[in-house]
Amino acid sequence: MTDLGALLAKATLLVPACVAALLALFPDDRLTARLNSLGALVTFLASTGLFFVRPAAGPFLIVDDVNVVFIVLTTFVGFTTSVFSASYIAHELEQGRLTPVYLRFYHAMYQTLMFAMNLALLANNVGLMWVAVELATLTTVLMVGIYRTPAALEAAWKYFILGSVGIALALFGTILVYLAARSVVGEGLDAMAWNVLVKRASAFDPALLNLAFVFLLLGYGTKVGLAPLHAWLPDAHAEGPTPISAVLSGLLLNVALFAVLRFKMVMAANPGALAPGPLMVTLGLISVLFAAFMLYRRHDIKRMFAYSSIEHMGIITFAFGMGGPIANFAGLLHMTFHSLTKSAIFFSVGHIAQVKGTQAMAEIRGLTVSHPVLGWGLVLGVITIVGLPPMGIFMSEFLIITSTFARQPVLAVALALGLLVALGALLLRLNGLAFGEPRGSSARTEASFVPMFAHLSLVLAAGIYLPPALVSWFQYVAGLLG
Amino acid sequence: MDRLVLDVAHLFAGGLVLVSFLLLYQDRMFGLLNTFALHALVVSLSVAWQAYIQLAPHLYITAAIALVVKAIIIPVALHRIIVRLGIHRTIETVVGIGQTMLAGIALVALSILVMLPITAEAGTLAREDLAFSLSVILLGLLMMISRRNAVSQVIGFMSIENGLILAATAAKGMPLVVEISVAFSILIALIVIGIFLFRIRERFDTVDVHALERFRGEQL
Amino acid sequence: MALILDVLVQFVQLALVLSLAPLLTGYIRKVKSHLLRRRGPSVLQPYRDLFKLLRKEVVLAENASWVFRVAPYIVFATMLIAAALVPTFATGLVFSPAADLIAIVALLGSARFALALAGLDVGTSFGGIGSSREMMIASLAEPAMLMIVFTLSLLAGSTQLSSVSAFLHGPEVGLRVSLAMALVGLIMVAIAENARIPVDNPATHLELTMIHEAMILEYSGRHLAVIEAAASLKLLLYLSLIGCVFVPWGVATAGQGFGAFAVGLIAYIVKLAVGGFLLAVFETVTAKMRVFRVSDFLGAALMLGFLAALLLFVSQSV
């Protein structure tokens with residue numbers, strides 16, 4: 001059983017790595033896109049197997065309750081994004097925004113990114129996780145700059161600098177965690193393994209853990225996009241190819257937050273350590289309020305949804321900072337729903353940008369009239385992301401606010417204010433985008449709508465009925481998070 | 001611990017902080033590159049000494065990597081890039097050098113005050129090295145903030161990495177992952193530097209990030 | 001009897017310092033000339049200059065106040081005391097309890113203060129330039145000096161020069177990067193304080209480049225002689241300070257007898273010769289800095305002092 005589990009876990013890692021190597025060598029563009037999707041599909045299937053069989057925890061890899069759903073979610077969104085990307089990139093190639101050489105590079109980097117994210121989720125070793133997150137950052141940096149326009153280069157450079165600084169801080173935090181563990185566990189790989197750390201954390205030196213967590217929160221928090229460390233996020237989303245924006249928002253932010261969560265679990269196990277809650281709550285609330293107000297002044301559609309990502313990451317961080325079973329449960333739900341919804345939105349935005357030939361919102365009007373499927377898809381997506389019922393995000397936001405209100409009414413009010421402001425901004429913009437007189441070109445969309453609607457229907461279904469198995473799993477993990 | 005052993009380690013770690021200050025003081029590009037080579041040299045000497053004291057032979061590899069890649073290859077490569085691209089040879093700073101140095105001293109004092117009490121349980125050597133490595137990291141961050149030129153920002157980032165190497169070797173017994181991450185960082189830094197500086201050069205006349213700001217997209 | 005002998009030894013040191021100072025200046029000039037392939041003036045020339053000036057008439061400006069007339073003597077007196085306190089061939093002499101590093105810094109500060117006032121006194125513009133530049137240098141050099149003093153006294157556990165010298169001579173010092181930094185900082189401060197290249201050119205006649213010379217531009221006769229002697233004493237003081245703290249080998253301790261004193265004296269003269277030679281070489285190979293760069297230069301010395309103290313603090317706290 002565990003051998004099969006080990007095989008599946010390794011497959012989740014090896015398949016993307018091998019496909020990446022293959023894709024770097026293959027010259028034909030249509031085949032590379034298909035191979036990309038195929039590889040993503042195989043990875044997804046392998047990871048679903050991990051639901052049923054799990055390998056024993058090794059010094060380097062672990063599959064436990066905390067990361068198994070995230071692995072499946074990541075590989076699923078990776079697969080659907082690769083399907084979207086296949087048709088989208090073909091169109092970009094036709095338009096001449098990308099050359100075939102860069103296409104190979106793009107696909108190889110995509111699979112490398114999948115590999116890195118899977119490794120970060122599956123890693124049992126703190127240092128290995130750090131290496132994986134760094135690799136993910138680097139691949140996305142290269143992909144953001146792929147169009148090689150001045151704006152794209154600026155965005156990629158900013159992302160590189162800020163991301164690297166964040167990673168450097170995170171590494172220092174990692175070293176401090178190792179130091180704290182070493183005096184209790186002894187030297188060697190055990191002092192860096194998650195399962196060992198959580199088990200023995202109560203004996204660690206609290207002061208060292210405090211300092212470590214500050215560095216880790218700042219470091220990985222930069223990658224999550226929490227204000228005031230968010231400066232790279234809007235540009236990176238706006239200037240990179242749309243599949244990359246979808247993967248960034250939907251997956252990479254989640255992976256970084258997952259790293260923070262792991263460390264939060266370690267901190268929670270130590271009673272003398274500083275409560276990580278208030279820090280996370282502060283950063284989360286600042287992000288929500290800041291992003292909500294920034295949504296009003298945006299002119300570029302991708303940038304606007306990038307700020308929406310900042311806002312939602314803020315909500316999730318806030319939820320985990322508040323702690324307690326309900327808030328943690330809601331946070332986990334929100335991570336999943338946001339991942340699916342935001343990537344769906346970016347799929348539709350990608351279609352829109354291709355059809356209209358521009359990302360400026362002033363040029364895009366009346367989508368439901370000129371492109372009904374696309375327009376209504378966008379409407380559905382935005383309704384989901386602002387948290388209107390019956391979509392899933394409504395439930396998670398509702399749970400967060402009620403559980404916060406029971407403990408800290410003022411914070412709940414502030415959070416609700418932020419959510420309402422964001423709702424207003426997005427609906428206002430949606431009105432302009434989707435309804436009214438059509439403006440801009442009326443070309444037909446070339447890419448596939450299936451991924452977008454697949455995601456949205458999942459969120460809708462989960463909003464109405466969440467399977468009990470999933471509920472109990474989330475509740476169990478919420479309890480672990482403390 | 002033997003007095004001489006401690007003194008030598010202290011010499012290298014303190015010397016690294018000193019060279020970080022020298023990096024802050026530079027106002028010419030080539031001088032900056034040479035000082036960075038010295039920085040990498042001191043780090044590799046420090047790591048080699050740690051390898052000797054801790055009887056951890058795998059750290060010699062780290063020292064060799066730091067020496068070859070960061071003290072030799074990267075400065076030479078950057079030297080060629082600067083010459084070929086005609087990058088500005090003087091480094092513009094955001095505030096004057098005096099204020100930068102004062103801020104640097106404040107950061108060193110801060111990091112010493114923060115790190116020393118926390119690491120009370122670790123050995124003398126580890127405590128010193130950790131305090132100094134945090135100083136080097138913070139000084140590298142200061143350098144990144146207070147410079148306008150992309151090359152000097154990248155060098156600031158590489159000095160942060162050197163500080164991290166020092167910290168990682170001070171944490172005695174950290175597993176092989178350290179070498180992997182170190183080699184990784186070096187390799188990728190080299191690649192990306194090359195790619196980015198080249199690409200930036202294709203579009204602009206300078207590698208001054210101020211010129212990049214014209215393309216900032218929407219202002220905040 | 002022993003007390004009288006000790007006091008006598010102390011006065012011998014004072015006389016030694018006073019008589020060696022012009023010789024040191026002449027020696028440095030000679031070395032510089034040889035490096036420039038000139039024969040240069042004789043090493044005894046400064047003595048001749050001093051005697052010549054002593055015999056000349058003093059020419060005072062009409063609006064010179066008593067400050068102008070008194071300042072040279074204040075400068076000379078403080079400088080002589082300071083130079084006499086720094087151990088040369090022996091530590092632990094009779095006045096050594098008063099030979100506190102901070103006291104020496106204070107004495108030097110008083111001398112500088114008097115000279116700056118004198119430069120301002122007559123109301124000429126060059127005097128004003130010189131005084132303001134001198135004060136700018138002092139505002140950086142003095143904190144740097146104090147940080148270096150702080151470093152040394154952190155190590156030795158006392159600010160008294162004899163104790164510092166004895167400690168650094170002893171075995172407990174070990175290999176210390178802070179000491180190296182303090183040495184470099186002290187050398188930088190010494191160069192700035194003594195108005196040497198690269199901070200100031202002692203042989204310049206271009207008034208706009210002067211710092212020290214500008215302040216004494218109006219002086220003549222015996223006043224000028226006294227001030228020149230004081231400047232030589234200052235150079236000797238700094239060299240002796242560097243020698244007794246950082247190169248303490250050969251220094252005798254009080255009570256060791258005349259044999260040890262003789263050895264100490266020879267060692268001292270060797271140190272002066274080597275120091276003077278190195279200074280002359282350094283001055284020949286370096287160019288003078290522009291005045292606004294002097295603050296960077298001294299800022300670096302200040303940073304070195306800070307850093308040395310911080311590193312020492314770290315190693316003593318663990």
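Residues numbered from 1 in each chain as written. Chains lettered and ligands numbered in written order. Predicted model: local features only at pLDDT ≥ 70, side-chain atom pairs only at ≥ 80, totals over all residues.

Undergrad: I'd like a rundown of the overall build of chain A, residues and numbers included.
TA: Along its length, chain A carries 19 helices and 0 strands. The C-alpha radius of gyration computed for chain A amounts to 21 Å, which stays within 12% of the reference 23 Å derived for 482 residues, consistent with globular compactness. If you line up chain A on its principal axes, its C-alpha atoms span 65 × 55 × 45 Å. The buried share among the 482 residues of chain A stands at 61%. When contacts within chain A are restricted to residue pairs at least 6 apart in sequence, long-range pairs at least 24 apart make up 82% of them. (Helix = DSSP H or I, 4+ residues; strand = E, 2+ residues; numbered from the N terminus. Rg over C-alpha atoms; globule rule 2.2 N^0.38 Å. Buried ≥ 20, exposed ≤ 12 C-beta atoms within 10 Å, placed from the backbone. Contact = placed C-beta atoms within 7 Å.)

Undergrad: Before we move on, could you go through the overall build of chain B and cite the residues and values that matter?
TA: Within chain B, the regular secondary structure consists of 8 helices and 0 strands. In chain B, the order of α-helices and β-strands from amino to carboxyl end is α-α-α-α-α-α-α-α. Put simply, chain B has 220 residues, and 49% of those count as buried. For chain B, restricting intrachain contacts to residue pairs at least 6 apart in sequence, the fraction spanning at least 24 positions comes to 73%.

Undergrad: An account of helix H18 (residues 450-464) of chain A is needed here, citing residue identities and associated values.
TA: All names here are of chain A. The terminal C-alpha atoms of H18, which comprises 15 residues, lie 21 Å apart, in line with the 21 Å expected from a rise of 1.5 Å per residue. By the burial criterion, the buried members of H18 are Pro451, Met452, His455, Leu456, Val459, Ala462 and Gly463. All buried residues of H18 fall inside an arc of 125° around its axis, so they share one side. Summarising the contacts, the buried residues of H18 are in contact with helix H3 (65-95), helix H13 (325-356), helix H15 (372-386) and helix H16 (392-407). (Expected span 1.5 Å × (residues − 1). Arc of directions from axis to C-beta.)

Undergrad: Got a sec to walk through the environment of Leu278(C)? Specific residues and values, please.
TA: Residues and elements named next belong to chain C. With respect to the element layout, Leu278 can be found in helix H10 (residues 258-285). Here Leu278 falls in the partly exposed class, since 13 other C-beta atoms lie within 10 Å of it. Put simply, Leu278 and Ile28 are 250 residues apart on the chain and 9.1 Å apart in space, counted from C-alpha to C-alpha.

Undergrad: How would you sum up the confidence of the model for chain B? Please name residues and give values.
TA: When pLDDT drops low, the exact placement of atoms in the prediction is not to be read closely. Considering every residue of chain B, the mean pLDDT works out to 80; 77% of them sit at 70 or more. At the level of chain-chain contacts, confidence expressed as ipTM amounts to 0.87, with global pTM at 0.85. (pLDDT = per-residue confidence, 0-100.)

Undergrad: So what's going on with the interface of chain B and chain C? Residues and values would help.
TA: Between chain B and chain C, the residue contacts involve 24 residues of the former and 18 residues of the latter. Mapped onto the side of chain B that touches chain C, the elements with two or more residues apiece are helix H1 (3-25), helix H4 (97-118) and helix H5 (124-145) of chain B. The biggest single contributor to the side of chain B that touches chain C is H1(B), with 12 residues. Classifying every residue of the side of chain B that touches chain C gives 15 nonpolar, 5 polar and 4 charged. (Nonpolar A, V, L, I, M, F, W, Y, C, P; charged D, E, K, R; others polar.)

Undergrad: An account of helix H6 (residues 150-185) of chain A is needed here, citing residue identities and associated values.
TA: Residue and element names in this part refer to chain A. Taking 1.5 Å per residue as the helical rise, H6 with its 36 residues ought to reach 52 Å, and the 50 Å between its terminal C-alpha atoms agrees with that figure. Counted residue by residue, H6 has 31 buried out of 36 residues, so it is predominantly covered. Immediately beyond the C-terminal end of H6, within one or two residues, lies Gly186, with a positive phi of roughly 100°.

Undergrad: Describe the packing of H13(A) against H18(A), and please don't skip the residues or the numbers.
TA: Residues and elements named next belong to chain A. Packing of H13 against H18 brings their axes to within 8 Å, and their N-to-C directions diverge by 150°. Here H13 runs over H18; the crossing is left-handed. Contact residues: H13 offers Phe337, Leu340, Thr341, Ser343, Ala344, Phe347 and Ser348, while H18 offers Pro451, Met452, His455, Leu456, Leu458, Val459 and Ala462. (Axes fitted to C-alpha atoms, helices over the stretch in contact; angles between N-to-C directions. Left-handed = near helix turned anticlockwise from the far one by under 90°.)

Undergrad: Tell me what's going on with the arrangement of the chains, and back it up with residues and numbers.
TA: Highest in contacts among the 2 pairs of chains that touch are chains A and B. For the non-touching pair chain A and chain C, the nearest C-alpha separation works out to 17 Å.

Undergrad: Quick one: what's the story with the confidence of the model for chain A, residue by residue and with numbers?
TA: Scored by pLDDT, chain A comes out at a mean of 86, with 98% of its residues at no less than 70. Element-level mean pLDDT values for chain A span from 80 in helix H1 (residues 2-25) of chain A up to 92 in helix H12 (residues 301-322) of chain A.

Undergrad: Tell me about the packing of H1(B) against helix H2 (residues 29-54) of chain B, and please be specific about residues and values.
TA: All names here are of chain B. Viewed as axis vectors pointing N to C, H1 and H2 meet at an angle of 160°, and their least axial separation amounts to 9 Å. As the angle between them shows, H1 and H2 are arranged roughly antiparallel. Crossing angle aside, the handedness with which H1 passes H2 is left-handed. Every residue of H2 that contacts H1 at Val5, Val8, Ala9, Phe12, Ala13, Gly15, Leu16, Val19, Ser20, Leu22 and Leu23 is listed here: Leu32, Thr35, Phe36, Leu38, His39, Val42, Val43, Leu45, Ser46, Trp49 and Ile53. Of the residues contributing to the contact of H1 with H2, the split by class is 17 nonpolar, 5 polar and no charged. (Parallel < 35°, antiparallel > 145°, perpendicular 65-115°, else oblique.)

Undergrad: So what's going on with the nonpolar core? Residues and values would help.
TA: Core analysis: the largest hydrophobic core is formed by 351 residues, its most contacted members being Ala120(A), Val255(A) and Leu307(C). Not counting residues up to four positions away in its chain, the partners in contact with Leu307(C) are Val17(B), Leu18(B), Phe21(B) and Met181(C). (Core = buried A, V, L, I, M, F, W, Y, C linked by C-beta atoms within 7 Å.)

Undergrad: Outline unusual backbone geometry, listing residues and values.
TA: Of note, the amide linkage connecting Ala227(A) to Pro228(A) takes the cis form, showing an omega dihedral of 0°. Mapped onto the fold, Pro228(A) is located in the loop between helix H8 (206-224) and helix H9 (233-239). In this structure, Pro198(C) follows Ile197(C) across a cis peptide bond, with omega equal to 10°. Within the secondary structure, Pro198(C) is located in the loop between helix H7 (177-193) and helix H8 (212-215). Phi at Leu55(B) takes a positive value of approximately 55°, unusual for a residue other than glycine. Turning to its location among the elements, Leu55(B) is positioned in the loop between H2 and helix H3 (58-85).

Undergrad: Give a detailed account of the environment of Ala259(A), specifying residues and quantitative values.
TA: Residues and elements named next belong to chain A. Structurally, the position occupied by Ala259 is in helix H10 (residues 242-268). With 129 residues separating them along the chain, Ala259 and Trp130 place their C-alpha atoms 8.8 Å apart. Filtering out sequence-adjacent residues up to four positions away, Ala259 remains in contact with Ala120, Met129, Val133 and Tyr220.

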